[in-house]
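# Structural characterization, general
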Amino acid sequence: MGKKKAMLPVEKVDMSAAKYEHQVIKAPNLTGFWLKLFVKILEAPLLGPLFIYFMKKDNKMIELLRHTVIPEAPMFKPEFPPQEPEPGVIILEEDGKPEDRVESALKCLPHYDPASLWNVDSAPFRYWKIRDYAHAYRARLATPSMVAEHFISVMEEFRNKKPPAPLLVSFDAEDLRKQAAASTQRFQEGNPLSILDGIFVAIKDDIDCLPHPSKGATIWMHEVRPVEKDAVSVSRLRSCGVIFVGKANMHELGLGTTGNNPNYGTTRNPHALERYTGGSSSGPAAIVASGLCSAALGTDGGGSIRIPSSLCGVVGLKTTLGRTPMIGSLCDSGTVEIIGPIASTVEDVMLVYAAILGSSPADRLCLKPAPPCLPNLSSSESLNVTGTLHLGKYTQWFNDVYSTDISDKCEDVLNMLSKNHGCKVTEIIIPELNGMRDAHIISIGSESLSSLNPNCYDGKLSKLTLDTRTNLALFRSFTASDYVAAQCLRRRLMYYHMEIFKHVDVIVTPTTGMTAPIIPPSALKFGESNLQVSGFGFNMNIMPLTPSLTCDPIPARGESNKPSRVLHGISNQQMGNKLQREVLNIGPLAKPSSDTMLNNQLF
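Model, not experiment: these values are computed from the prediction.

Here is what the cut-offs are and how they apply
- Residues numbered from 1 in each chain as written.
- Predicted model: local features only at pLDDT ≥ 70, side-chain atom pairs only at ≥ 80, totals over all residues.
- Heavy atoms only, no water.
- Pairing = 2+ DSSP bridges.
- Helix = DSSP H or I, 4+ residues; strand = E, 2+ residues; numbered from the N terminus.
- Buried < 20%, exposed > 50% of the residue type's maximum accessible area, 1.4 Å probe, protein only.
- Polar contact = N/O pair within 3.5 Å; in protein donor to acceptor, adjacent residues only side chain to side chain.
- Contact = heavy atoms within 4.5 Å.
- Axes fitted to C-alpha atoms, helices over the stretch in contact; angles between N-to-C directions.
- Parallel < 35°, antiparallel > 145°, perpendicular 65-115°, else oblique.
- Left-handed = near helix turned anticlockwise from the far one by under 90°.
- Nonpolar A, V, L, I, M, F, W, Y, C, P; charged D, E, K, R; others polar.
- Phe/Tyr/Trp six-rings, centres within 6.5 Å; stacked < 30°, edge-to-face > 60°.
- Lys NZ or Arg CZ within 6 Å of the ring centre and 35° of its normal.
- Patch = residues over 30% accessible without salt bridge, like charges linked within 9 Å, V, L, I, M, F, W, Y side chains within 5 Å.
- Areas by Shrake-Rupley, 256 points an atom, 1.4 Å probe, with all protein chains shown as cover.
- Salt bridge = Lys/Arg side-chain N within 4 Å of Asp/Glu carboxyl O.
- Expected span 1.5 Å × (residues − 1).
- Arc of directions from axis to C-beta.

Relative to strand E15 (residues 424-427), strand E14 (residues 390-393) runs parallel, the two sharing 4 bridges. Considered in E15, the bridge of His-390 is made with Lys-424. Note that E14 and strand E16 (residues 506-510) share 2 bridges and pair parallel. Bridging from a neighbouring strand, Leu-391 pairs with Val-506 of E16.

With that settled, consider the side chain of Asn-260. Note that Asn-260 resides in the loop between strand E7 (243-248) and strand E8 (268-269). Residue classification places Asn-260 among the buried positions, given a relative accessible area of 3%. Engagement of the side chain of Asn-260 in a polar contact is seen with the side chain of Tyr-276, the distance being 3.1 Å. Beyond its immediate sequence surroundings of up to four residues, Asn-260 is in contact with His-251, Glu-252, Thr-266, Tyr-276, Ala-523, Gly-527 and Glu-528.

A few words now on the packing of helix H6 (residues 144-159) against helix H7 (residues 173-188). The angle between the axes and the distance between the axes are what describe a pair of packed helices. The contact between H6 and H7 brings their axes to 7 Å, and the two run at 160°. Considered as vectors, H6 and H7 are oriented roughly antiparallel to each other. In this structure, H6 meets H7 at a crossing whose hand is right-handed. For the pair formed by H6 and H7, the contact residues are Pro-144, Ser-145, Ala-148, Glu-149, Phe-151 and Ile-152 on the first element and Ala-173, Leu-176, Arg-177, Ala-180, Ala-181, Ser-183, Thr-184 and Phe-187 on the second. Its residues placed into classes, the contact of H6 with H7 shows 9 nonpolar, 3 polar and 2 charged.

What follows concerns the environment of Ser-451. Turning to its location among the elements, Ser-451 is positioned in helix H17 (residues 433-460). Residues Ser-451 and Phe-33, 418 residues apart in the sequence, show an inter-C-alpha distance of 29 Å. At 2.8 Å, the side chain of Ser-451 forms a polar contact with the backbone oxygen of Ser-448.

Now for the packing of aromatic side chains. Scanning the model with the defined rule gives 12 aromatic pairs in all. Three or more aromatic residues joined by ring pairs form one cluster here, namely Trp-128, Tyr-133, Tyr-137 and Phe-187. The ring of Phe-398 carries the charged tip of Lys-393 above its face, separated from the ring centre by 5.0 Å.

As a further point, take the pairing of E7. Of all 6 residues in E7, 6 are buried, a share of seventy percent or more. Where strand E6 (residues 200-204) and E7 come together, 4 bridges link them in parallel fashion. Bridge pairing links Ile-203 to Lys-247 in E7.

With that settled, the discussion passes to a nonpolar patch on the surface. Taken together, the side chains of Leu-47, Leu-50, Tyr-53 and Phe-54 present a nonpolar region at the surface, about 390 Å² in accessible area. In this structure, Phe-54 sits in helix H2 (residues 47-58).

Before going further, it helps to spend a moment on helix H12 (residues 346-356). When you tally the buried positions in H12, you get 11 out of 11 residues, the bulk of the element. Within H12 the residues assigned to the buried category are Val-346, Glu-347, Asp-348, Val-349, Met-350, Leu-351, Val-352, Tyr-353, Ala-354, Ala-355 and Ile-356. Phi for Gly-358, located one or two positions after H12, is positive at around 135°.

Let us now look at H6. Compared with the 22 Å implied by 1.5 Å per residue over 16 residues, the 23 Å span of H6 between its first and last C-alpha is a close match. For H6, the complete set of buried residues consists of Pro-144, Val-147, Ala-148, Phe-151, Ile-152, Val-154, Met-155 and Phe-158. With its buried residues spanning 165° around the axis, H6 presents them on a single face.

Here the focus is the pattern of salt bridges. Two side chains of opposite charge can pair, provided their charged atoms sit close to one another. Within the structure shown, the criterion is met by 24 salt bridges. With its nearest N and O atoms 3.8 Å apart, the salt bridge here joins Arg-275 to Glu-274. When the shortest N-O distance is used, the salt bridge between Glu-432 and Arg-492 registers 2.7 Å. Highlighted residues: Glu-432 in the loop between E15 and H17 and Arg-492 in helix H19 (residues 480-500), separated in sequence by 60 residues. For Glu-432, a relative accessible area of 24% corresponds to the partly exposed category.

Everything listed is a geometric property; what it means functionally is a separate question.
And the structure:
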């Protein structure tokens, strides 16, 4: 008796009086033999559910979900209020041709100077942007076939890497040569399909891309789900002339934030081979950070694009739910997952995003999205708009990080935006963040389990990694009432965010609460379960209903105060109430000075 609690109706909550609650996930960090034993306990008929019950109770999930009256109705998919048309943007036609949208996006970008491609003052390595490749192809300085041969030779080297550092789990050299030859011929004939023609792109292993299987980095998914055609997002890129290099490695089934995968080998951070990339889009982020691909497609439901983009020092965009089509992906039936681009620059993210965007008919019906648009970065009006931006900062959340180096460096970026560009930083308070975390874990966990259950009961559970099985054991403990309670919390949290966005344009946080973790040697063979590390990675990525952009990295500096290798993987994240101009407009400004990426290295 006496356990029942009741929340105030959300309209009556005094948001300014909300208290921030620091929360550390209480769970063991296990690898090797102890992880195998732990999974046996979790999957035992009586002992497993009992252990999970007390673990959830220790983390206060039981109290919130089962002892609390939540007065709001459930919200199973985001319900955005009507959006006013925005000034200073270019509207993109969802039903038009992808190559036409890419052309519109190209007109939004600042002036391109080809001379900058060869200005290598003191930089031993620099990322080639999409427009760099496009210029080289059109000026006949290079051909897609030349680039393809270089890529193939690098992949041959990777086969013998010690330690193993697999970027791709499916690669077909002859298919790559065939695509490159077709693109080269189009350039020779003077008929490239778009600015993306001849651009090399990797596809995460949970997105369909012929002729490759979609395994989700498992050892069996391709056996029960053959790939018959490209995913819609891949098809749109293919119509623009993109060259697909293969399927990129990932954390198995996307159920983890480190990128660990014993099935194919764990992708390593290009800037420090002893560290994780972050996950689950580990391969896409690492192959872009290596300089091998201009862009990649990943999926994101709880940071799976943003976390590895941050830890690998590149740019990742998690779009509004439904803005990009999920048809043809393993995670096409949930309420949190999106397909989004990863690239080395914000402008390349914009070009790829323009190609793949376009809501499905079902999403247009239930989500009622506003017309997609991009900021016109080539106009002076765009710069004027930037000076009026209000950046929301929840200081206690902003500073809830593993190391103060992270919050200090991100604070430096806010000061730079304020001083150099006139942005105003406004203090905000977001109530019930811990409830948001629980609601999101239950939502994405329940939806993942629902899609996997038929295969698990068909004998595939034992073929999953120990880490994945640990997560599925937790997800199995969620009840139908837990899921509904989580959707009631989502309505409350959407209300809070819509109230906050009446006063600020974007919410700014560090992308992750910690830097790239070191890979324990014992985790390479059997995996690792470290929910505390996942918690720090997940901490800032718990708003699945709003678009988020992970911006360029903030470098570590050595004793001489010169940029050292980007080991830390510190970056800022901007979140908006829709995929509005502010989220992308601020991205190019939030990047560090031009010398900060000098020592990125192709390993």
